[in-house]
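Inside the fold
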Amino acid sequence: LGGNALHSPILAPLIALVLWSFVMGAWLYATRIPAITKGRIVYDPLRPAAEFHAQLPARVRWKADNYNNLMEQPTLFYAVALTLALLGAGEGLNNGLAWLYVGLRIAHSLVQAIINVVMLRFALFMAGSLVLLAMAVRAGFGLSRMQIASARFLAIQIPAKWLQVAGVIGNNGP
């Protein structure tokens, strides 16, 4: 790609979770379409969606529920991972946390789609949430350090420029 392309290891777990979402979407339709056909279920857009879903077997609904979950909290993960990548902080611990988050989301998906044990799902969800919180806090600190560095740069550069404009110092300093 371009010469200024952003290369950060944290983009790999980000893409892995995006691809996992497509896997869950495929699994959703691979189970839903046969269930609709077998049950001769007709979707009526004038009726509440809950009525349609109630006609589907629970094991089929679980896949759809998980796919919907993957469109919720992971969007925060994408934002945090991209922030860390842009800060140049997408390596080391942050990359490890990102892979841990992805692993926990995949485990959550498999539990929800196959056995749907709520307390196990909840434990995986909370563990993932704590990992995501740690990533967000680390990104926040990274942004704070960046803003402090920018403020220091501006505090030094702007007064020097004013002094140059006023003729007090030359282009090479006092």
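Quick summary incoming for the structure in this document. (Residues numbered from 1 in each chain as written. Predicted model: local features only at pLDDT ≥ 70, side-chain atom pairs only at ≥ 80, totals over all residues. Heavy atoms only, no water.)

1. Thoughts on a nonpolar patch on the surface
Convention followed: Like charges are joined within 9 Å and nonpolar side chains (Val, Leu, Ile, Met, Phe, Trp, Tyr) within 5 Å, but only among residues with over 30% relative accessible area and no salt bridge; these make up the patches. Surface accessibility in these figures is a Shrake-Rupley result with a 1.4 Å probe; residues are shielded only by whichever protein chains are displayed. Salt bridges are identified by distance alone: a Lys or Arg side-chain nitrogen within 4 Å of an Asp or Glu carboxyl oxygen. Each helix corresponds to a stretch of at least 4 residues labelled H or I by DSSP, and each strand to a stretch of at least 2 residues labelled E; elements are numbered beginning at the N terminus.
On the surface, Leu110, Ile114, Ile115, Val117 and Leu120 cluster together to form a nonpolar patch covering roughly 380 Å² of accessible area. Among the elements that line the nonpolar patch, the one with the most residues is helix α5 (residues 92–115), at three residues. Note that Leu110 resides in helix α5.

2. Regarding the nonpolar core
Put simply, the rule is: By nonpolar core we mean a set of buried residues, namely Ala, Val, Leu, Ile, Met, Phe, Trp, Tyr and Cys, connected to one another through side-chain atoms within 4.5 Å. Throughout this description, buried means an accessible area under 20% of the type-specific maximum (1.4 Å probe, protein chains only), exposed means over 50%, and partly exposed covers the range between. Any two residues whose heavy atoms approach within 4.5 Å are treated as being in contact.
Ranked by internal contacts, the top residues of the largest apolar core, which has 24 residues, are Ile10, Leu17, Phe77 and Met135. Broken down by secondary-structure element, the contributors of at least two residues to this core are α1 (11–39), α4 (74–86), α5 and α6 (118–165). When residues in this core are grouped by element, the largest group, seven residues, is from α5. Beyond its immediate sequence surroundings of up to four residues, Ile10 is in contact with Ala81, Leu84, Ala85, Gly90, Asn94, Asn95, Ala98 and Met135.

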